[in-house]
Each structure stands twice: as C-alpha cells, then as structure tokens.
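Chain residues, written in single-letter form:
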Amino acid sequence: MKKSVSVSARLAMWTGLFAVLLLCVTEVLCFLLIPDGSPAWPGSLIPAGLAKPVLMAAVAVLIILWSLMLWLGLRRACPKEQEIEAAAAGQEKPGPREPSPNEKKQRLHHDQRLYLHLLSVLQTEGRLLDFLNEDLEQYEDGQIGAAARGIHAHCKAALARYVTLQPLSSQGEGETVSVPAGFDPGAYRLSGNVTGDPPFSGKLLHRGWRAGKLDLPGFSFSGDPEIIAPMEIGVE
C-alpha cells in the first residue's frame, strides 16, 4: 500500500522549492545588476572588489532565513496535523490477526474441557454421574436413600474443597424481598405477574448461589475434550 505524504512534508517541499527559485532569481539579478568593480561602502570593513560577492552571500542568507521562518509559520498554522497523521497511521495498521484453524480447534478444546471439568471432579470424588444415570426403579427407597447419602457427602466435600458457595440473598426463602430498578438480570429470575417497570416486590423462592472461591484442580488439554471421566481398569 502506498504511504501518503504528510502535511509537514508537503509544506517543507513547497517552501524549499519556492526558496530555491527565489534564491536563484535574486542571485542572478545581483550578478547582473551589481558591477564587478564596485567600491567599498563608506565606513565599511569590506575591501573594494568584494562588495558584489559579499552582497550576494548576504542576500542568500536572508532568503534562507526568511524561508525557514515561512515554513515554521505555515507549520504552526496546522495545529491538528499530528492528530491527522496519527489517525491516518492508525487506519493503515493491520487489524487483529485471524486465528488459524489449529488455534480455533485448540481454543474449542480448552473451552469444552473447562465446561466439563467440574462434572469430572464431582464424578471422581462422589460418583455423581453414575448415580444420575442409574435406573432407580429396581431399587427400594431405603437403598436409594443410603446411596444418595454417601454421594451427597462426597460431592459436598468436593465442592467445599474447590468451590466456596455463598447465597446471593441474606434473607430466608419465603420472605418478601424487593427487586431494585436497574437490577442485574443474571442475579434475579422473576416469575409470576411481572408487569411494568421495577422496583418489584415478591416472595423469595430460592436464595441463589455465588462462587466465593473457585480453585479447581488443573487439567490436561490432551485427549478427547468430551471425556468427563476415564475408564477405571484393575489390571490383574
């Protein structure tokens, strides 16, 4: 992509070109109009015969100084030049790099493992998935209760080890609570006669939960991300 010339560069280019042309014209006029054998000016330290070259040099210096002052004045007349150049430079910067297919696959792999990791912990510690997928019709209520008590204890211990649960509301279930205006939709789930604008008032059906601490054990990114718990084999 062709890079555009900045405002400062254009000002310098045109000011320099104008100065060169003016210097050339002035020097030619001085060379043609001033006689070669010009006497020294009265009271001057310039010796006779050097008046012409000294005058031409002085004119050249004056034109250079005047051109520099002209460029500085034009430069100051564009106070937003740097902002314009910065904006143009920002537009020329390439956008974020598109992730490769392999990177997308690895990110999906990571997300899937992250979502299933807590289930893996509860299965390892308390056999929760085994219990949920068991056909309970073949067992008596007493057998189910005894099994559920052990699973409950192990899963509760696993949660206490890795996740600290805190209720969202300090009030008890069944009490009347207020839902303020501008409430967080993720913290409240409203049901019943929900009409108009908040604040609302209603009965607390569930206090909700918040993770006060989340310290899950590390997990590996290798293998099938859909595997929650491995097969357990006792080798003989």
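Quick caveat, the model's predicted, so the values are computed rather than measured.

As a further point, take the overall build of the protein chain. A count of helices and strands for the protein chain gives six helices and four strands. Ordered by position in the sequence, the α and β elements of the protein chain form the string α-α-α-α-α-α-β-β-β-β. Within the protein chain, the proportion of its 236 residues that are buried is 16%. Contacts in the protein chain between residues at least 24 apart in sequence constitute 70% of all its contacts with a sequence separation of at least 6.

Each neighbour pair has its own omega, and for Pro198 with Pro199 the value is 15 degrees, a cis peptide bond. Mapped onto the secondary structure, Pro199 falls in the loop between strand S2 (176-179) and strand S3 (200-203). Of note in the backbone geometry, Arg127 takes a positive phi value of approximately 55 degrees without being a glycine. Topologically, Arg127 is positioned in the loop between helix H4 (101-126) and helix H5 (128-132). Look at Arg127 and you get partly exposed, because its relative accessible area is 38%.

Once that is clear, we can look at the environment of Val121. In this fold, Val121 is placed in helix H4. On the basis of relative accessibility, which here comes to 7%, the residue Val121 falls in the buried class.

Rules used in this analysis
Residues numbered from 1 in each chain as written. Predicted model: local features only at pLDDT ≥ 70, side-chain atom pairs only at ≥ 80, totals over all residues. Heavy atoms only, no water. Helix = DSSP H or I, 4+ residues; strand = E, 2+ residues; numbered from the N terminus. Buried < 20%, exposed > 50% of the residue type's maximum accessible area, 1.4 Å probe, protein only. Contact = heavy atoms within 4.5 Å.

That is the geometry; function is a separate question.
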